[in-house]
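Here is how the chains run, residue by residue.
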Amino acid sequence: VCIFLDVALRNIGKDPRDGPFTLKMTGGTSGDVAGNALKILNRDYGDNTKVLGMVDHRACVEDPEGLNMEELLRLVDNDLDLSHFDEKRLSSSGSLHTRSTADGRAMCDSMHNRVESDAFLPAGGLPNTIRMNNWQNFLVDGKKPSSKLIVEAANIFIEQEARVKLTESGVLIVKDSSANKCGVICSSMEIIANLLMDEDEFLTFREEYVEDVLNHLRLLAKMEADVMFEEYKKLGGPGATATAATNEEIWAASLPGIAERISRVMNMSSDYISEQLTEELDLDEIALHAAGALLPSLRERAGDRLKKLPKGFLVNMVAKYLSSQMVYHEGLDYVERSVPRSKFAKVALQYSYETKRIEELLKIVSDASIVDDETAKEEILQLLRVGGPRVAVQKSHVFQPTADDEN
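As the structure is a prediction and not an experimental result, all values here were calculated from the model.

A. Focus on the overall build of the protein chain. When helices and strands are counted, the protein chain shows 19 helices and 9 strands. In terms of overall size, the protein chain behaves like a compact globule, its C-alpha atoms giving a radius of gyration of 24 Å where 407 residues would be expected to give roughly 22 Å. Counting only C-alpha atoms, the protein chain reaches 75 × 60 × 50 Å along its principal axes. Residues counted as buried form 49% of the 407 residues belonging to the protein chain. Taking contacts inside the protein chain between residues at least 6 apart in sequence as the whole, the part at least 24 apart equals 71%. On the protein chain, roughly 20200 Å² of surface is accessible, and the fraction owed to carbon and sulfur atoms is 50%. Considering the protein chain, the positive charge centre built from 47 side chains and the negative charge centre built from 67 side chains are found 2 Å apart.

What follows is the structure in structure tokens.
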């Protein structure tokens with residue numbers, strides 16, 4: 001969630017490491033998502049993080065000068081809700097409202113609409129809190145969004161029809177299916193470790209594995225966010241709304257529409273790979289590729305145990321891995337338009353091979369004294385990183401026509 005927020009802020013001209021940004025949040029200090037988000041934002045951006053408003057099931061607290069982060073973290077560390085916020089830590093303009101009164105409930109229920117900030121992070125709350133009969137309340141005077149950016153940490157906080165309306169009104173929304181998918185991926189990392197070893201063995205390297213998982217999740221989140229915003233810019237960015245002829249075109253060019261497209265392309269490619277993989281590899285080869293998809297600390301200890309798992313499990317594991325590698329590195333158009341449907345597994349396997357080969361070439365070029373100009377050398381390295389695997393696959397045998405293709 002925080003990595004999607006980081007990338008999104010940079011794309012609206014707010015580098016969170018270089019200057020302050022303002023935020024409002026639902027989900028309180030005693031909640032897992034909101035509480036951990038506060039810890040990460042404070043760790044990564046320090047005083048640049050200005051939380052102007054926050055609400056939970058007991059209270060809401062607001063301060064146009066930014067809520068005292070030390071006090072928020074005190075509540076997080078002690079598993080206390082927002083009603084315990086020390087009002088002495090508020091500025092003269094700050095306020096605390098509890099749900100014990102009618103006025104307090106009204107302030108709590110409207111905080112996410114009223115407070116104006118750079119970004120809104122719904123990290124808790126009831127399903128469809130923003131819906132078709134109230135989405136206009138998110139607009140100031142019925143026009144300007146109270147936050148330019150929404151990163152959906154909570155599932156279905158925004159009803160789909162309301163999400164469309166907010167998008168048409170200029171709100172950049174990072175959809176829940178992208179913003180919080182790392183939770184699902186984390187669960188899959190737990191499951192595979194559990195399938196390959198018992199608890200006692202796992203506990204001997206638990207901390208190392210947790211660090212591997214966190215690094216992997218950060219990388220995947222950054223890659224998906226980058227693909228999403230690159231596609232958004234390619235399709236016209238904010239100007240796409242003005243030039244699109246239909247509502248369908250507006251949605252397709254929006255961030256939520258692109259998030260849905262990423263999921264569709266990822267599923268489509270992994271389905272094709274799954275169907276074709278056993279035509280290209282035997283079980284030993286499939287298990288070898290599956291081991292490559294494991295995180296390093298688990299692969300080192302249990303990579304040779306994968307063949308005890310059902311073949312279908314391994315096939316799907318490899319298909320998801322190969323699919324994400326192509327989608328995240330090459331983008332949506334390449335996977336949708338350049339890969340022949342009948343050769344998805346061939347191309348994906350070749351792409352994986354060429355990626356490893358390019359990594360070796362990068363090291364050779366990086367270590368070599370081939371040019372005196374370091375800028376030119378870095379440009380060569382960057383060209384290899386960006387286009388190397390794709391060009392190498394294009395030149396390989398997998399795109400050569402076969403008898404079946406000619407028939």
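Let's pick the thread back up.
B. Structural context of the state of the cysteines. Applying the stated rule across the entire model yields 0 disulfides. Free of any disulfide, Cys2 has its nearest neighbouring cysteine sulfur in Cys182, separated by 11 Å.

C. The arrangement of the pairing of strand S1 (residues 21-26) in detail. In terms of burial, S1 is a largely internal element, 6 of the 6 residues being buried. Burial along S1 is two-sided: Phe21, Leu23 and Met25 and Thr22, Lys24 and Thr26, pointing in opposite directions, are all buried. For the crossover from S1 across helix H2 (residues 32-45) to strand S2 (residues 49-55), the handedness is right-handed. In this sheet, strand S5 (residues 117-122) lies alongside S1 in parallel orientation, the contact comprising 4 bridges. Bridging from a neighbouring strand, Thr26 pairs with Pro122 of S5.

D. Looking closely at empty space enclosed by the protein. Under the criterion given, the structure shown has 1 cavity of 30 Å³ or more. Empty space within the largest cavity amounts to approximately 40 Å³. If you go around the largest cavity, the residues you meet are Phe4, Ser178, Lys181, Cys182, Ile185, Leu220, Ala221, Glu224 and Tyr328. Among the elements that make up the lining of the largest cavity, the one with the highest residue count is helix H9 (residues 206-234) (3 residues).

E. A look at the pattern of salt bridges. One pass over the full model with this rule turns up 32 salt bridges. In this structure, Arg43 and Asp44 form a salt bridge, with 2.8 Å as the shortest nitrogen-oxygen distance. Between Glu330 and Arg390 there is a salt bridge whose closest N-O contact spans 2.4 Å. Of this pair, Glu330 sits in helix H15 (residues 311-330) while Arg390 sits in helix H18 (residues 374-395), and the two are 60 residues apart along the sequence.

F. Structural detail: the packing of H15 against helix H17 (residues 344-367). With their axes 9 Å apart at the nearest point, H15 and H17 run at an angle of 70 degrees to one another. When the axis of H15 is compared with that of H17, the two are roughly perpendicular. Of the two elements, H15 crosses H17, and the hand of that crossing is left-handed. When H15 is examined against H17, the residues Leu322, Gln325, Met326, His329 and Glu330 are found in contact with a partner set consisting of Phe344, Val347, Ala348, Leu349, Tyr351, Ser352 and Thr355. Tallied by class, the residues present in the contact of H15 with H17 amount to 7 nonpolar, 4 polar and 1 charged.

G. Representation of the sheet that holds strand S9 (residues 172-174) within the structure. Across the sheet, which stays open at both edges, the 7 strands sit in the order S4-S3-S2-S1-S5-S8-S9 with mixed pairing between neighbours. Two strands bound the open sheet, and with one partner strand each, they are strand S4 (95-98) and S9. Sheet twist, expressed as the average angle between the axes of neighbouring strands with direction ignored, equals 20 degrees. Pairing between S5 and strand S8 (residues 147-151): 3 bridges, direction parallel. Opposite Ser117, over in S8, you have Ser147 as the bridge partner.

H. Inspection of the packing of helix H1 (residues 2-11) against H2 at higher detail. The interhelical angle for the contact between H1 and H2, taken along N-to-C directions, is 50 degrees, at an axis separation of 10 Å. On the basis of the axis angle, H1 is oblique to H2. Like other packed secondary-structure pairs, H1 and H2 cross with a definite hand, here right-handed. On H2, the residues touching Cys2, Leu5 and Asp6 of H1 are Ala37, Ile40, Leu41 and Tyr45. When its residues are assigned to classes, the contact of H1 with H2 shows 6 nonpolar, no polar and 1 charged.

What counts, and at which threshold
Residues numbered from 1 in each chain as written. Predicted model: local features only at pLDDT ≥ 70, side-chain atom pairs only at ≥ 80, totals over all residues. Heavy atoms only, no water. Helix = DSSP H or I, 4+ residues; strand = E, 2+ residues; numbered from the N terminus. Rg over C-alpha atoms; globule rule 2.2 N^0.38 Å. Buried < 20%, exposed > 50% of the residue type's maximum accessible area, 1.4 Å probe, protein only. Contact = heavy atoms within 4.5 Å. Areas by Shrake-Rupley, 256 points an atom, 1.4 Å probe, with all protein chains shown as cover. Lys, Arg positive; Asp, Glu negative; His and termini not counted. Charge placed at Lys NZ, Arg CZ, Asp CG, Glu CD. Disulfide = S-S within 2.5 Å. Right-handed = clockwise from strand over helix to strand, strands pointing away. Pairing = 2+ DSSP bridges. 1 Å grid on protein atoms, 1.4 Å probe; cavity = no way out; pocket = protein on both sides within 12 Å on 5 of 7 lines; lining within 4 Å. Points joined across faces, edges and corners; volume = space filled by probe spheres on them. Salt bridge = Lys/Arg side-chain N within 4 Å of Asp/Glu carboxyl O. Axes fitted to C-alpha atoms, helices over the stretch in contact; angles between N-to-C directions. Parallel < 35°, antiparallel > 145°, perpendicular 65-115°, else oblique. Left-handed = near helix turned anticlockwise from the far one by under 90°. Nonpolar A, V, L, I, M, F, W, Y, C, P; charged D, E, K, R; others polar.

All quantities given are derived from atomic positions and should not be read as evidence of function.
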